[in-house]
Amino acid sequence: SDEILAEIKNLVMERLPNYYNLSPMEDIQVLSPVKGSGIGVEVLNDMLQNVVNPPSKHKCEKTFGKKLLREGDKVMQIKNNYNLAWTTKYAEEGKGVFNGDIGYITEIDEAKRTVTVLYDQEREAIYDFPTVDELVLAYAVTVHKSQGSEFKAIIMPMAFVPPMLMSRNILYTGITRARELVVLVGEKRAL
């Protein structure tokens, strides 16, 4: 799994941006069949957060339990919140951010105890600190959470995981999330 992680890091930061002119933050999505394990989204997100959006004295960051969030981070809403208000730069207003929505943290305000997330490059939602538990890092997401989404390029680690997650359906779902490019990284036997 260490070799797979190193190759994914290289693909996200060097090879795909240089060869295909893809943005590591906006165009490339890493999908894994599992949350835990050496190739799970938790490990992948920790690694990718540090290389795609590294710490900086110019970016505010805050730890919420075991989760570290930083301005600029790619995040996903993990449950439907019909009451969360959002606004756009065109003064449009609405309510509702939904399970699977992916956005970017634009501000963490310690004084106001809020985290601002921009969705679809136009809807801005402000979370108070207690509702931040509805957000997770989204540099890597599970194949299950990616259903219904589409990305320019996806990278999927191929390793031995619990047998129920090594199915043709999981592989098919992951591959069909990509519009232009799929990169499978790992063991041919697992594929």
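Before any of the text, the structure's been laid out above.
Keep in mind it's a predicted model, so treat the numbers as computed, not measured. (Residues numbered from 1 in each chain as written. Predicted model: local features only at pLDDT ≥ 70, side-chain atom pairs only at ≥ 80, totals over all residues. Heavy atoms only, no water.)

(A) View of the packing of aromatic side chains. In total, this model carries three aromatic pairs according to the counting rule given. The interplanar angle of 80 degrees and the centroid separation of 4.8 Å between the aromatic rings of Tyr 19 and Tyr 20 together place this pair among those described as edge-to-face. Residue classification places Tyr 20 among the partly exposed positions, given a relative accessible area of 43%. Ring geometry for Phe 64 against Phe 129: centres 5.1 Å apart, planes inclined by 85 degrees, an arrangement best described as edge-to-face. (Phe/Tyr/Trp six-rings, centres within 6.5 Å; stacked < 30°, edge-to-face > 60°. Buried < 20%, exposed > 50% of the residue type's maximum accessible area, 1.4 Å probe, protein only.)

(B) The sheet that holds strand E10 (residues 135-137), seen in detail. Strand order across the open sheet formed by seven strands is E6-E5-E9-E8-E7-E4-E10, with antiparallel pairing between neighbours. A strand with exactly one partner marks an edge of an open sheet, and here the two such strands are strand E6 (93-97) and E10. Looking at each pair of strands side by side, their axes are set apart by 45 degrees on average, direction ignored. In the sheet, strand E5 (residues 81-87) pairs with E6 via four bridges, with the strands oriented antiparallel. When the sheet's bridge partners are listed, Asn 81 is paired in E6 with Val 97. (Pairing = 2+ DSSP bridges. Helix = DSSP H or I, 4+ residues; strand = E, 2+ residues; numbered from the N terminus. Axes fitted to C-alpha atoms, helices over the stretch in contact; angles between N-to-C directions.)

(C) Layout of empty space enclosed by the protein. The tally for this structure, following the rule as stated, stands at one cavity of 30 Å³ or more. Taken as a whole, the largest cavity spans an internal volume of roughly 50 Å³. If you trace the largest cavity, you find it lined by Val 12, Pro 24, Ile 28, Val 30, Leu 48, Val 52, Lys 74 and Tyr 139. Within the residue set of the lining of the largest cavity, elements represented by two or more residues are strand E1 (28-32) and helix H2 (41-52). Looking at side-chain class alone, the lining of the largest cavity contains seven nonpolar, no polar and one charged residues. (1 Å grid on protein atoms, 1.4 Å probe; cavity = no way out; pocket = protein on both sides within 12 Å on 5 of 7 lines; lining within 4 Å. Points joined across faces, edges and corners; volume = space filled by probe spheres on them. Nonpolar A, V, L, I, M, F, W, Y, C, P; charged D, E, K, R; others polar.)

(D) Representation of the nonpolar core. Core analysis: the biggest nonpolar cluster contains 43 residues, and Ile 8, Val 115, Tyr 127 and Ile 155 have the highest contact counts within it. For this core, the leading source of residues is helix H1 (residues 2-20), giving six residues. Apart from the residues lying within four places of it in its own chain, the contact partners of Ile 8 are Val 30, Leu 44, Met 47, Ile 155, Pro 157 and Val 185. Core analysis: the next-biggest nonpolar cluster, separate from the first, contains 13 residues, Ile 102, Phe 151, Met 156 and Ile 170 among them. (Core = buried A, V, L, I, M, F, W, Y, C linked by side-chain atoms within 4.5 Å. Contact = heavy atoms within 4.5 Å.)

(E) Geometry of the layout of surface pockets. The calculated volume of the largest pocket comes to roughly 530 Å³. Lining the largest pocket are 18 residues, with Val 41, Glu 42, Asn 45, Val 136 and Leu 137 sitting closest to its centre. Elements with a minimum of two residues in the lining of the largest pocket: H2, strand E3 (67-70), E10, strand E11 (140-142) and helix H3 (143-146). The dominant element in the lining of the largest pocket, judged by the number of residues it contributes, is H2, at five residues. Split by residue class, the lining of the largest pocket holds eight nonpolar, four polar and six charged.

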